[in-house]
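Here's the letter readout for the chains.
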Amino acid sequence: MKAVCWQGIHEVGVEDVPDPHLINPRDAIIKVTSSAICGSDLHLYDGYIPLVYRGDILGHEFMGEVVEIGSAVTNLAVGDRVVVPFPIACGNCFFCAREMFSLCENSNPNAHLAEKLWGHSPAGLFGYSHLLGGYAGGQAQYVRVPFADVGPVKVPPELTDEQVLFLSDIFPTGYMAAENCNIQPGDTVAVWGCGPVGQFAIKSAFLLGAERVVAIDRFPERLTMAEGSGAHTLHYEEVDILDALREMTGGRGPDSCIDAVGMEAHMPGLHGMYDKVKTTLRMETDRPGVLRQAVTACRNGGTLSVPGVYGGVIDKVPFGAIVNRAITVKTGQTHVHHYTRPLLERIQRGEIDPSFVVTHRVALDDVPEAYETFRDKEDGCIKVVVRPWA
Amino acid sequence: AALALGAYAVRRYYASREEEALAGDSMRRMTASLAIQTAPRALYDLVANPERLASVLESVESVTRSDQGTSRWTVRSATGAAIQFEVEIVDDAPGSLIAWRTTPESQAGHHGVITFESGDKSHGTIVHVEIEQDMEEGGVLRRFFGASAESQLRKELKRLKQFVETGELATTRGQATGGRSLIGSALTRGET
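What counts, and at which threshold
Residues numbered from 1 in each chain as written. Chains lettered and ligands numbered in written order. Predicted model: local features only at pLDDT ≥ 70, side-chain atom pairs only at ≥ 80, totals over all residues. Heavy atoms only, no water. Helix = DSSP H or I, 4+ residues; strand = E, 2+ residues; numbered from the N terminus. Rg over C-alpha atoms; globule rule 2.2 N^0.38 Å. Contact = heavy atoms within 4.5 Å. Areas by Shrake-Rupley, 256 points an atom, 1.4 Å probe, with all protein chains shown as cover. Lys, Arg positive; Asp, Glu negative; His and termini not counted. Charge placed at Lys NZ, Arg CZ, Asp CG, Glu CD. Buried < 20%, exposed > 50% of the residue type's maximum accessible area, 1.4 Å probe, protein only. pLDDT = per-residue confidence, 0-100. Pairing = 2+ DSSP bridges. Axes fitted to C-alpha atoms, helices over the stretch in contact; angles between N-to-C directions. Right-handed = clockwise from strand over helix to strand, strands pointing away. Patch = residues over 30% accessible without salt bridge, like charges linked within 9 Å, V, L, I, M, F, W, Y side chains within 5 Å. Salt bridge = Lys/Arg side-chain N within 4 Å of Asp/Glu carboxyl O. Parallel < 35°, antiparallel > 145°, perpendicular 65-115°, else oblique. Left-handed = near helix turned anticlockwise from the far one by under 90°. Nonpolar A, V, L, I, M, F, W, Y, C, P; charged D, E, K, R; others polar. Arc of directions from axis to C-beta. Phe/Tyr/Trp six-rings, centres within 6.5 Å; stacked < 30°, edge-to-face > 60°. Lys NZ or Arg CZ within 6 Å of the ring centre and 35° of its normal. Buried area = accessible area lost by both parts, 1.4 Å probe. Polar contact = N/O pair within 3.5 Å; in protein donor to acceptor, adjacent residues only side chain to side chain.

## Looking at the overall build of chain A
Inference 1: From N to C terminus, chain A includes 13 helices and 17 strands.
Inference 2: Against the compact-globule benchmark of 21 Å for 390 residues, chain A has a radius of gyration of 20 Å, which places it among compact chains.
Inference 3: Each of the three principal axes of chain A carries a C-alpha extent, and together these read 60 × 50 × 45 Å.
Inference 4: Sequence-distant contacts in chain A: of pairs separated by 6 or more residues, those separated by 24 or more amount to 72%.
Inference 5: Accessible surface, chain A as shown: approximately 14,500 Å² in total, 51% of it carbon and sulfur.
Inference 6: Looking at charge distribution, chain A has the averaged site of its 32 positive side-chain charges lying 5 Å from that of its 48 negative ones.

## Notes on the overall build of chain B
Inference 1: If you tally the helices and strands in chain B, you get 6 helices and 7 strands.
Inference 2: The order of α-helices and β-strands along chain B, N terminus first, is α-β-α-α-β-β-β-β-β-β-α-α-α.
Inference 3: The buried share among the 192 residues of chain B stands at 40%.
Inference 4: With an accessible surface of roughly 10,600 Å², chain B has 54% of that area assigned to carbon and sulfur atoms.

## Brief notes about the confidence of the model for chain B
Inference 1: Of the residues in chain B, 78% have a pLDDT of 70 or more, and the chain-wide mean is 83.
Inference 2: The ipTM, which scores confidence in the relative placement of chains, is 0.92 for this predicted complex, and the corresponding pTM is 0.91.

## Quick word on the sheet that holds strand 2 (residues 60–65) of chain B
Residues and elements named next belong to chain B.
Inference 1: Read across the open sheet, the 7 strands follow the order 1-7-6-5-4-3-2; overall the sheet is antiparallel. A single partner strand is all that each edge strand has here, and the edge strands are strand 1 (27–36) and strand 2. Taken over all neighbouring pairs, the strand axes of this sheet differ in orientation by 20° on average, direction set aside.
Inference 2: In this structure, strand 3 (residues 71–76) lies alongside strand 4 (residues 82–93), joined through 6 bridges in antiparallel fashion. By the bridge assignment for strand 4, Thr 74 is matched with Gln 84.
Inference 3: The strands that helix 2 (residues 40–47) touches are strand 1, strand 4, strand 5 (97–102), strand 6 (110–118) and strand 7 (125–134); relative to strand 6, the one it contacts most, it runs at about 155°.
Inference 4: Strands strand 1 and strand 7 of the sheet are contacted by helix 5 (residues 149–166), whose axis makes an angle of about 25° with strand 1.

## Thoughts on the pairing of strand 12 (residues 232–235) of chain A
All names here are of chain A.
Inference 1: Pairing analysis gives 4 bridges linking strand 11 (residues 212–217) to strand 12, with the strands arranged parallel. Bridging across to strand 12, Asp 217 finds its partner in His 235.
Inference 2: Viewed along the sheet, the connection from strand 11 through helix 7 (residues 220–228) into strand 12 turns out right-handed.

## Structural notes on a negative patch on the surface
All names here are of chain A.
Inference 1: On the surface, Asp 366, Glu 369, Glu 372, Glu 378 and Asp 379 cluster together into a patch of negative charge.
Inference 2: Assignment of secondary structure puts Asp 379 in the loop between helix 13 (367–375) and strand 17 (384–387).
Inference 3: Taking the relative accessible area as the measure of exposure, Asp 379 reaches 63% and is therefore exposed.

## As for the packing of helix 2 of chain B against helix 5 of chain B
Residues and elements named next belong to chain B.
Inference 1: Orientation of helix 2 relative to helix 5, taken along the N-to-C sense of each, is 120°, at an axis distance of 12 Å. The orientation of helix 2 with respect to helix 5, classified from their angle, is oblique. Crossing of helix 2 over helix 5 shows right-handed handedness. Between helix 2 and helix 5, the residues in contact are Leu 43, Leu 46 and Val 47 and Leu 160, Phe 163 and Val 164, respectively.
Inference 2: Tallied by class, the residues present in the contact of helix 2 with helix 5 amount to 6 nonpolar, no polar and no charged.

## Side note on helix 2 of chain B
Inference 1: The set of residues buried in helix 2 of chain B consists of B:Pro40, B:Leu43, B:Tyr44, B:Leu46 and B:Val47. The arc that holds the buried residues of helix 2 of chain B, viewed along the axis, is 165°, so those residues lie on one side.

## Here's the deal with the packing of aromatic side chains
All names here are of chain A.
Inference 1: Within the structure shown, the criterion is met by 10 aromatic pairs over all chains.
Inference 2: The rings of Phe 166, Phe 171, Tyr 175, Phe 200, Tyr 339 and Phe 356 are connected pair by pair, giving a single aromatic cluster.
Inference 3: Cation over ring: Lys 31 sits above Trp 389, and NZ or CZ is 4.6 Å from the ring centre.
Inference 4: Directly above the aromatic system of Phe 94 lies the positively charged group of Arg 98, at a separation of 3.7 Å from the ring centroid.

## Details of the interface of chain B and chain A
For an interface, size is often stated in terms of accessible area lost upon the parts coming together.
Inference 1: Opposite the 27 residues of chain B that make contact, chain A presents 35 residues.
Inference 2: Note on chain B versus chain A: buried area summed over both sides is about 2,500 Å², and carbon and sulfur give 52% of it.
Inference 3: By the criterion of area lost to chain A, the three top residues of chain B are B:Thr166, B:Glu168 and B:Ala176, representing 20% of everything that side buries.
Inference 4: Remark: the boundary between chain B and chain A carries 3 salt bridges.
Inference 5: Two residues, A:Asp56 and B:Arg180, come together in a salt bridge whose shortest N-O distance is 2.5 Å.
Inference 6: Our count for the chain B to chain A interface comes out at 14 residue pairs in polar contact (both at pLDDT 80 or more).
Inference 7: When residues of the side of chain B that touches chain A are traced back to their parent elements, those giving at least two are helix 5 and helix 6 (182–187) of chain B.
Inference 8: The greatest single-element share of the side of chain B that touches chain A, amounting to 6 residues, is contributed by helix 5 of chain B.
Inference 9: Of the residues in the side of chain B that touches chain A, the class split is 4 nonpolar, 15 polar and 8 charged.

## Looking at unusual backbone geometry
All names here are of chain A.
Inference 1: One non-glycine residue, Ser 129, adopts positive backbone phi at about 80°.
Inference 2: Relative to the helices and strands, Ser 129 resides in the loop between strand 7 (124–125) and strand 8 (142–145).
Inference 3: Positive phi outside glycine occurs at Ala 326, with the angle close to 50°.
Inference 4: What makes Ala 326 partly exposed here is its relative accessible area of 48%.

## Things to note about the environment of A:Tyr128
All names here are of chain A.
Inference 1: Within the fold, Tyr 128 resides in the loop between strand 7 and strand 8.
Inference 2: Accessibility expressed as a relative area gives 4% for Tyr 128, which makes it buried.
Inference 3: With near-sequence residues (within four places) excluded, Tyr 128 lies in contact with Ser 40, Asp 41, His 43, Leu 44, Ile 49, His 60, Tyr 135 and Val 309.
Inference 4: Of the polar contacts made by the side chain of Tyr 128, one reaches the backbone oxygen of Ser 40; its length is 2.7 Å.

## Digging into the side chain of A:His60
Residue and element names in this part refer to chain A.
Inference 1: Tracing the sequence through the fold places His 60 in the loop between helix 1 (39–45) and strand 4 (61–69).
Inference 2: Residue class for His 60 comes out buried when judged on its relative accessible area of 2%.
Inference 3: At 3.4 Å, the side chain of His 60 and the side chain of Ser 40 are in polar contact.
Inference 4: In terms of polar contacts, His 60 uses its side chain to reach the side chain of Asp 41, at 3.4 Å.
Inference 5: If sequence neighbours within four positions are ignored, His 60 has contacts with Cys 38, Ser 40, Asp 41, Phe 86, Phe 126, Tyr 128, Ser 168 and Asp 169.

Written as structure tokens, this is what we have:
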């Protein structure tokens with residue numbers, strides 16, 4: 001089959017690799033009909049996530065048709081059309097029992113590596129470094145899905161691939177980010193980053209009852225899309241974000257702040273240069289510019305929700321502000337399995353059509369170029385859908 | 001001041017080396033514990049059965065039972081060396097504890113105890129393993145119980161948990177990948 005492989009920093013390529021096969025009784029093999037490039041794939045592309053090796057198959061947002069099932073999978077049949085959550089979860093352990101699926105204790109065969117870096121290991125993920133299991137990903141024609149009796153969700157034929165594909169990650173991720181804000185009537189929610197997760201966080205904040213959402217970015221097409229969802233927009237190179245947010249909230253600050261940017265934040269001025277230098281010298285692994293600003297902006301007693309990915313250690317985050325102003329911080333890789341069914345129902349009821357984020361559609365052979373376009377935000381690129389059989 | 005600090009650090013270093021050398025005359029101890037979602041008895045039954053246990057553990061090559069009630073184990077060390085030892089059970093409390101020691105002729109002489117303690121319902125069973133190894137035998141021992149031994153012990157306990165909770169062992173062994181670099185293929189052994 002053809003698959004998108006990581007070949008080095010800023011190098012991905014399409015390679016011919018053997019077709020995947022069943023390894024464990026609870027596995028399934030999926031023929032991928034649609035896949036996507038995620039903003040977090042760019043952290044792999046840019047070399048910000050450790051333990052990614054040449055030859056690793058990328059991609060954790062995918063859906064398709066079941067073509068083979070292991071002997072222990074009884075809830076799926078060959079021919080089923082399914083969308084697959086990006087975390088791999090066993091459904092049996094302490095955390096799965098609590099529906100905290102991205103913390104599954106049994107799906108990361110390299111848990112000992114993650115423990116060295118983070119103290120404890122989270123779940124294994126598709127196509128996201130050997131730290132998180134080293135599982136082959138779904139930017140490929142076929143993919144092996146472990147614990148297929150737990151993850152894949154059957155989708156009805158009347159919904160198109162693009163309407164349900166994002167149940168694999170970015171829709172639940174934006175939704176969980178908004179849910180973590182514990183939104184109350186009248187609340188103002190500020191969202192840093194109007195990439196795909198930010199866009200879903202904006203929509204979800206409104207679905208969950210936010211009075212006002214403020215969207216922060218610098219790319220006109222992303223701000224325009226956020227406006228289309230009903231958000232007020234702020235261009236961070238044109239206005240002082242902290243001043244503007246104070247102005248909009250009677251000096252108090254937003255009730256909740258969502259950092260949908262993560263470890264590779266771009267910040268204007270000295271502040272941005274500081275992190276650029278420190279990460280280049282490997283004195284810091286991540287660039288937490290947005291995190292610092294979101295803490296500073298947040299109202300007393302408010303919530304900081306972080307769906308953006310961070311990998312390692314960061315510097316000069318004002319923890320004193322968090323403590324003295326009683327800010328709640330909520331974060332985590334998304335417990336996707338917990339959200340797939342209720343969010344599928346929202347799509348079926350017509351409350352949201354997730355396909356609004358798609359700007360680019362490419363065949364597998366064009367994926368390497370699409371990574372570059374997406375990274376550089378050229379050509380109005382917001383979300384790339386991959387059609388592995390086109 | 002920096003010089004004084006440096007001298008102090010050097011003195012501390014040699015002092016700790018000495019302490020280590022003294023302790024090295026006796027036994028080296030390692031422990032691991034893990035919560036597993038099942039009843040103590042079910043875990044005990046699995047661990048008490050050498051063949052079933054061996055099928056779960058990564059480092060075990062083979063195990064056979066002798067007529068004298070002991071079991072002979074062949075394990076692979078981190079460096080790939082085969083190590084053989086014979087185990088006799090010295091204490092056995094079905095459902096709660098198994099203690100063992102190796103016979104004198106064994107390589108990698110050690111003794112150990114595994115306990116199964118019933119946690120509250122949501123935490124299942126707390127499994128606790130304690131192994132003390134004889135450091136006097138030198139070379140082979142150090143290969144098997146090197147610095148990686150304790151982390152290998154924790155890995156094996158995790159495999160036991162995976163097997164008991166999910167019915168299988170999470171793995172990418174045998175999965176397809178693109179072309180590896182030399183280093184990559186060494187670090188991802190078993191992927192094709």
